[in-house]
Amino acid sequence: MPKWEYLFVRFDYFAGDLCVHSANGQELRDQHKKQPLYEYSNQMGEQGWEMVNFNFTPAYGYGFLTFKRLKPD
């Protein structure tokens, strides 16, 4: 049976764009905080992560992404 690992990413609405804020509860460095969501998601895809959920609440100005990938043995 396959085993999975998960990555939970919070993003915020910032200066007219959706930008990454934190991953698995760890606030990301400034270079990622202003990184557009599509760029960050593409980087995660290059590392083998698959996005399995997108949730955005416009009234609060933030949302969450969930990624998963096979857990290394």
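Residues numbered from 1 in each chain as written. Predicted model: local features only at pLDDT ≥ 70, side-chain atom pairs only at ≥ 80, totals over all residues. Heavy atoms only, no water.

Some remarks on a nonpolar patch on the surface
Moving on, step 1. Together, Trp4, Tyr6, Phe8 and Leu70 make up an exposed nonpolar region whose accessible area comes to about 420 Å².
Moving on, step 2. Among the elements that make up the nonpolar patch, the one with the highest residue count is strand E1 (residues 4–14) (three residues). (Patch = residues over 30% accessible without salt bridge, like charges linked within 9 Å, V, L, I, M, F, W, Y side chains within 5 Å. Areas by Shrake-Rupley, 256 points an atom, 1.4 Å probe, with all protein chains shown as cover. Salt bridge = Lys/Arg side-chain N within 4 Å of Asp/Glu carboxyl O. Helix = DSSP H or I, 4+ residues; strand = E, 2+ residues; numbered from the N terminus.)

Concerning the environment of Asp12
Moving on, step 1. In this structure, Asp12 sits in strand E1.
Moving on, step 2. In this structure Asp12 comes out as buried when scored by relative accessible area, which is 17%.
Moving on, step 3. Sequence separation between Asp12 and Glu39 is 27 residues; the distance between their C-alpha atoms is 14 Å.
Moving on, step 4. Residues in contact with Asp12, not counting those within four places in the same chain, are Asp17, Leu18, Cys19, His21, Gly61 and Tyr62.
Moving on, step 5. Here the side chain of Asp12 touches Arg10 through a polar contact of 3.1 Å, side chain to side chain. (Buried < 20%, exposed > 50% of the residue type's maximum accessible area, 1.4 Å probe, protein only. Contact = heavy atoms within 4.5 Å. Polar contact = N/O pair within 3.5 Å; in protein donor to acceptor, adjacent residues only side chain to side chain.)

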